[in-house]
Amino acid sequence: MPPLSLPIHGQPAPHRGPEQRWRSLAEAAGSADPAAGSYPDGDEAAPDSFGRRSFMQLLGASAALAGLSACKPPREKVVSYVRRPAGVTPSLPGFYASALSRGGHAVGVLVETHEGRPTKIEGNPGQAASLGAAGLHELASILDLYDPSRLAGVRRDGRPLAWSAFLQEAAGLAAAHEKDGGARLRLLAEPTSSPALADQRARLLARFPRARVHAWDPLAEDAARVGARLAFGRPLEAAYQLEGADVILSLDADFLASEGDHLRNARAFASRRTQAGMNRLYQAEAGYSVTGGAADHRLRMRAGEVLPFARAVAAALAAHHGLPALAALGAAAAGELGRTAAAVAKDLYSARGRGLVLVGRRQPAALHALAAVVNAALGNTGVTVVWREPALLDPLAGVAGLSALARELAAGQVDTLIVTAWNPAYTAPADLGLAALLGKVPNLVYLASREDETSQVAGTVVAAAHPLESWGDLRGRDGTASIVQPLLAPLAESVTELDLLSAFTGQGHLGAWRLVRDGWKARTGEAGFDQAWDGWLAAGVVAGTARPPVAVAVDAAAVAAALAAAPVPPAGLEACFAPDDKALDGRFADNAWLQELPHPVSKLTWDNAAFLSPATARRLGLADGDVVALSLRGRTVDAPVLIQPGHADESVTLPLGYGRTQAGPAGAGIGFAAGALRHAAAPWIDGGLELRKTGRRHALARTQEHFSMEGRAIALGYDVGALPHAAHELDEHRGEQATILPAVDYSKEEYRWGMAIDLSRCTGCGACTLACQAENNIPIVGKEQVLKSREMHWLRVDRYYEGTPADPTSVSQPLACVHCESAPCEYVCPVNATVHSDEGLNEMVYNRCVGTRYCSNNCAYKVRRFNYLDYRGTMAPVSKMLQNPDVTVRARGVMEKCSYCVQRIERVRIGARSQGEKVGGDAVVSACQQACSAEAIVFGNLNDPASRVARLQQDERRYDLLHELGTRPRTAYLVRLRNPNPELA
Amino acid sequence: MSALFTKRSNALLLTTLGVLGLGAAGTIGGLLLYWRTPYGTNQNVQIVQPVQFDHRHHVQDDLIDCRYCHSSVDKAPSAGIPPTELCLSCHSQIWNKSPLLDVVRQSWFANKPIVWTRVHKLPDFVYFNHAIHVNKGVGCAECHGRVDQMAVIEQVQPLTMGFCLDCHRNPQPRLRPLEEVANVRWRPPADRAALGAELARKYDVKPKVNCTTCHR
């Protein structure tokens, strides 16, 4: 131990150097130094080791300090900037525009940062795919940024390697491949629309002319592109204009939640769901999707029956409505299917030019082509659907390319394989045996953000940067480019796909920023570039880069031939693969927010399951949670069963993305790997599935066990024609109602905050729940706690079925604290921890709460959440960076609930009042409202008659939840409207 | 058999209960009182900072406005601790060899921030916002005192919830014209009540006393 230089009584004080701190003003002024020689002889030499006096002194001091520190915490430190970054005001959030990739396309986002620390992702109102809304995966991806299990650096054969050393090795490898033109070099990438990546790939192929790029996306929309090629001769991209669509026939397309530009589509669809000029949606599907829940007619059929149904519609259009062009494409159907098809055809015909037929990615290309021809024949093309050149560099990214690569790998024709696609060893169809083949590649370079199935077999693993740490660019489906800009330097050493590719093209020293910027400089010219670039970064889009729609002419004969050759529906029990609404293809399986988010329809958390209909379950003698052995084409996987009301009979939906063997703590060992049954010949719809009961049971953690309203008026829905007659019925659920305590008059207050939730617009996707979780620091509790009903989401989305279990309709109802004016929770709290503000907020005071839970007992809406455990005790330090500093982090034993985003109210209020202005009626936007793509949630000041929320609360559809209790909720609901076809009633 | 307890034990029991009760009340009351003393609220403690910064000199002698250094006080929750760059905007020219500024220069050249010790500390669950107070005419000196007379910054007000609420319930005696907000030497006129009433009207001062006004 080095000698302590504490000032010992009787010893000279050590010399105070210029860098040393001072303890008193006198010492600082230099007057406290004792004059040398004023001490007795022999005491001047300081002991050169840890002496007895030092020991006694420390002992006494630490005992005294231990006593003191129990009384007073140590003083906090404040750290100032050396140089304050431009645009940063400490304690005020900043917002930066960027873009996230979804299937290779851009979704514009605004990222909230606090002193350089991103805390929340929101939609970018100026970007066409977002329009200010955010989907589940955009919202949740910020959690991945702070995941402590992310990889760091480069690892080669289990040993860390410096990035600079890797660059050298890559250069050597590239030089070796250059000799034969890269004949043994391959790149396995995800489809992307990035112009900068396009440049790098072009450079790669210029340097290695015999190398090849294979694109692979397990959720690729190949069928749509091939279908467009059949119909138009080229693989065009469809863009739907749902604002103009009166009648929509969706053939297995989940266009409101998981396919295409779903945020934009949901916004446009919802805009036509209120009284005036309501649209009508027919949804033909096997599983129960979010879009199916929003449909007026959900046509329950096996996925393999969708094509015959569509042909029956085409036949009916040709036979009864004078569209002979469709005669060769149609094939009449008998029975119920034929009658339904005739009614749908009639409706589509009567709305010609204002109708739309759209097809999901799982359906065969011939059906996509048929829909294109039907849309053209009905005059919908150019009005409700326009076609553009695809923005993706690789419009085709399905099984075909991957199979070709697998053949090359098996033949030993590849020496170096660069993999930037996510986890192909897991996502590849099982029959390709890709995991084993990848293990045999001499040089496998894999870009990954976390350990996964592929990183286990890769020789070289390069840590991938999170999109919020990356420079890059992307295009939206309409071609509009966005610059991806980083919000912070990588938390751990990691690089982007651009950096990795450039290491092989001789530009590894440049870095992604230069590559992107120089690329755009070359595209747009030097003049005024710097200013334009700053503008693009600020706006989040590069103006004027949208691609114009192209005029199309259909080739009906080619489509007819394709339809004739289309695969017949497979016999036997149907296996229908689907991307999971939360985990997608598995890349979000490690995201605990998504794992804990209840599935939009089944309300399942922390799991996937084989979904089948009540009738099929009865036939097979299965109950919820029974584990069955699923066998398909000789492969077997054990999976729990979930009985899904409304599912097509004799069909089983198998959600992908679970059953990960190598993943982070949140994703490993959860659910079953449906992908292990997937076959390259039929990656989406297959037949001949066998189910065998194993006798085992699996606990499924579902957040809503009651699917009916038990005869109470909770989520109300009416047919649009019946609404005028329902006014008296609705009057029972609104208006004056006696309250237990004397009612308070809030009409004189300046602000009376309130909310209106339009059930007609809500699709039930769950984005509001996640946005609330991000905004309000809501903890994750895990599967065990969810099984005990201890989930902490302040905002839940209830889903109720109506009708028979075989074929019900559903209503989704977002429900958070409704801020009762006469709140039952308040008068039972013994410590006044929940009280009312003068503006009507039902406030929760965490510091007063002693955890009696009386409030939750007395809450009629069951929206209060209790911290049974210290859910943050084990949080990694890096994960704490995610917390919103404007919201208190709650401790164990404390009740919490929706605060109407009071931190946002106060931020807007202080901003306005500091300027001497009033807060506008619509100026405060709650987190749930902001994320909602359907604009179903509206927040604002009820005392401002011009505000949107005040007008909505005056709507004829308004009703109050549990009105009869006299709680006077501030959140009002607007009844769900349906627009059924009388002919199908 | 004689009684197990003598008569005397009644008195003993009552006395014991009384002492225990008084002791419990005294402990609780004492703690409550203790946290309200200047010692409990950390008032009037001179904190040693890494740089011997003297507000007296900067405010009194040089007449530098508070907002020159604490620049976000009128637009953000935090008043802002000046970055090293700001210190050196003057001190690269004057006193640029003073040993008192060694730490500042080291911070600049090493690009390492200066770590100050916080003097005015509110609990983490209090969301105090400087901007709204300053923009409504609450002067810096109302909470921070005569900074121009402090060699070392110390906390002069208790900064307890009661202190906040006193003013939130009756803000008028604490208001001053906006032009004088940062003027620590401002002397209120004789009739401060009238001025306060007028300013409250003029600036639309309506402080709230809801829980969520400060706790979120």
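Here's what I pulled together on the structure shown here. In this text the structure is predicted, and so the values were computed from the model without any measurement.

Here we take up the interface of chain A and chain B. Taken together, the contact pairs 39 residues of chain A with 39 residues of chain B. Elements represented by at least two residues in the side of chain A that touches chain B include exactly β1 (77-79) and α26 (902-914) of chain A. Among the elements that make up the side of chain A that touches chain B, the one with the highest residue count is α26 of chain A (six residues). Across the side of chain A that touches chain B, the residue classes tally to 16 nonpolar, ten polar and 13 charged. Pairing of β1 of chain A with strand β1 (residues 115-117) of chain B, which is carried by three bridges, proceeds in the antiparallel orientation. Residue pairing for β1 of chain B: Val-79 of chain A is matched across the bridge by Val-115 of chain B.

Residues and elements named next belong to chain A. Strand order in the open sheet formed by four strands is β37-β30-β39-β38, with mixed pairing between adjacent strands. Looking at strand neighbours, the two that pair on one side only are β37 (937-941) and β38 (958-959), the edges of this open sheet. The sheet contact formed by strand β30 (residues 753-758) and strand β39 (residues 971-974) spans four bridges and is parallel. In the strand pairing of β39, Ala-756 is matched with Ala-972.

Let's shift gears to the packing of helix α3 (residues 136-145) of chain A against helix α22 (residues 767-775) of chain A. All names here are of chain A. The N-to-C vectors of α3 and α22 enclose an angle of 25 degrees; their axes lie 9 Å apart at closest approach. Taken together, the axes of α3 and α22 lie roughly parallel to each other. For the element pair α3 and α22, the recorded crossing hand is left-handed. Along the contact surface, α3 presents Leu-136, Leu-139, Ala-140 and Ile-142, while α22 presents Ala-767, Leu-770, Ala-771 and Ala-774. When the residues that make up the contact of α3 with α22 are grouped by side-chain class, the tally is eight nonpolar, no polar and no charged.

Residue and element names in this part refer to chain A. Following the sequence through the fold, Leu-656 ends up in the loop between β25 (651-655) and β26 (685-686). Sequence-wise, Leu-656 and Ala-674 are 18 residues apart; in three dimensions their C-alpha atoms are separated by 5.3 Å. Other than its neighbours up to four places away in sequence, Leu-656 contacts Pro-218, Phe-577, Ala-578, Pro-579, Asp-580, Asp-585, Gly-586, Ala-674 and Gly-675.

Pairing analysis gives nine bridges linking strand β2 (residues 94-102) of chain A to strand β3 (residues 105-114) of chain A, with the strands arranged antiparallel. The partner of Leu-100 of chain A across the bridge, within β3 of chain A, is Val-107 of chain A.

This part takes up the packing of helix α5 (residues 195-207) of chain A against helix α15 (residues 497-504) of chain A. Residue and element names in this part refer to chain A. Contact geometry of α5 with α15 gives a least axis separation of 9 Å together with a crossing angle of 20 degrees. By the angle class used here, α5 and α15 are roughly parallel. Considering the relative orientation of α5 and α15, their crossing is left-handed. Taking contact as the criterion, the partners of Ala-196, Leu-197, Gln-200 and Leu-204 in α5 are, on α15, Glu-497, Leu-498, Leu-501, Ser-502 and Phe-504.

On to the nonpolar core, then. Leu-370, Val-373, Val-559, Ala-610 and Ala-771 of chain A are the most contacted members of the largest nonpolar core, which totals 286 residues. Ala-610 of chain A has contacts with Val-628, Leu-630, Ala-639, Val-641, Leu-642, Val-652 and Leu-654 of chain A, leaving out every residue within four places of it along the chain.

Scoring rules and cut-offs
Residues numbered from 1 in each chain as written. Chains lettered and ligands numbered in written order. Predicted model: local features only at pLDDT ≥ 70, side-chain atom pairs only at ≥ 80, totals over all residues. Contact = placed C-beta atoms within 7 Å. Helix = DSSP H or I, 4+ residues; strand = E, 2+ residues; numbered from the N terminus. Nonpolar A, V, L, I, M, F, W, Y, C, P; charged D, E, K, R; others polar. Pairing = 2+ DSSP bridges. Axes fitted to C-alpha atoms, helices over the stretch in contact; angles between N-to-C directions. Parallel < 35°, antiparallel > 145°, perpendicular 65-115°, else oblique. Left-handed = near helix turned anticlockwise from the far one by under 90°. Core = buried A, V, L, I, M, F, W, Y, C linked by C-beta atoms within 7 Å. Buried ≥ 20, exposed ≤ 12 C-beta atoms within 10 Å, placed from the backbone.

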